[in-house]
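Per-entry structural report
Below are the chains, spelled out letter by letter.
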Amino acid sequence: MANVGGIDRVLRFVVGIVLILVPFVAPSVSALAGLGNWAWLIGAVGVVMLLTAAFRFCPAYPLLGISTCGRK
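Computed from a prediction, not measured in an experiment: that's the story for all the values here. (Residues numbered from 1 in each chain as written. Predicted model: local features only at pLDDT ≥ 70, side-chain atom pairs only at ≥ 80, totals over all residues. Heavy atoms only, no water.)

Topic: a nonpolar patch on the surface
The grouping of V10, F13, V14, I17, V18, L21, F24, V25 and W40 at the surface amounts to a nonpolar patch, some 900 Å² of accessible area in total. It is helix α1 (residues 6-25) that contributes the most residues to the nonpolar patch, 8 residues altogether. When you line up the elements, L21 lands in helix α1. Residue L21 is classed as partly exposed on the basis of its relative accessible area of 39%. (Patch = residues over 30% accessible without salt bridge, like charges linked within 9 Å, V, L, I, M, F, W, Y side chains within 5 Å. Areas by Shrake-Rupley, 256 points an atom, 1.4 Å probe, with all protein chains shown as cover. Salt bridge = Lys/Arg side-chain N within 4 Å of Asp/Glu carboxyl O. Helix = DSSP H or I, 4+ residues; strand = E, 2+ residues; numbered from the N terminus. Buried < 20%, exposed > 50% of the residue type's maximum accessible area, 1.4 Å probe, protein only.)

Some words on the packing of α1 against helix α3 (residues 38-55)
Here α1 crosses α3 at 155°, and the two axes come no closer than 7 Å. Overall, the two elements α1 and α3 adopt an arrangement that is roughly antiparallel. Regarding α1 and α3, the two cross each other, and that crossing is left-handed. The residues of α3 that touch α1, namely those facing R9, R12, F13, V15, G16, I17, L19, I20, V22, P23 and F24, are A39, W40, I42, G43, V45, G46, V47, M49, L50, T52, A53 and A54. Along the lines of polarity and charge, the residues of the contact of α1 with α3 split into 17 nonpolar, 4 polar and 2 charged. (Axes fitted to C-alpha atoms, helices over the stretch in contact; angles between N-to-C directions. Parallel < 35°, antiparallel > 145°, perpendicular 65-115°, else oblique. Left-handed = near helix turned anticlockwise from the far one by under 90°. Contact = heavy atoms within 4.5 Å. Nonpolar A, V, L, I, M, F, W, Y, C, P; charged D, E, K, R; others polar.)

Next comes the structure, spelled out in structure tokens:
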């Protein structure tokens, strides 16, 4: 029961990787930006984005009545 289409999946994957790298790659930038512990929350959101891209299912989409998959 996939509801995440091709372009949506690629965007989720790219954004997920970037968000996961925030707390690791740029801790000094995170500190300068005042993110502090929020950086870890941002990383967790990145993990969720990667999981929704991998499984092609977003739990929020059925609640909102959205599907980015092509029609079958």
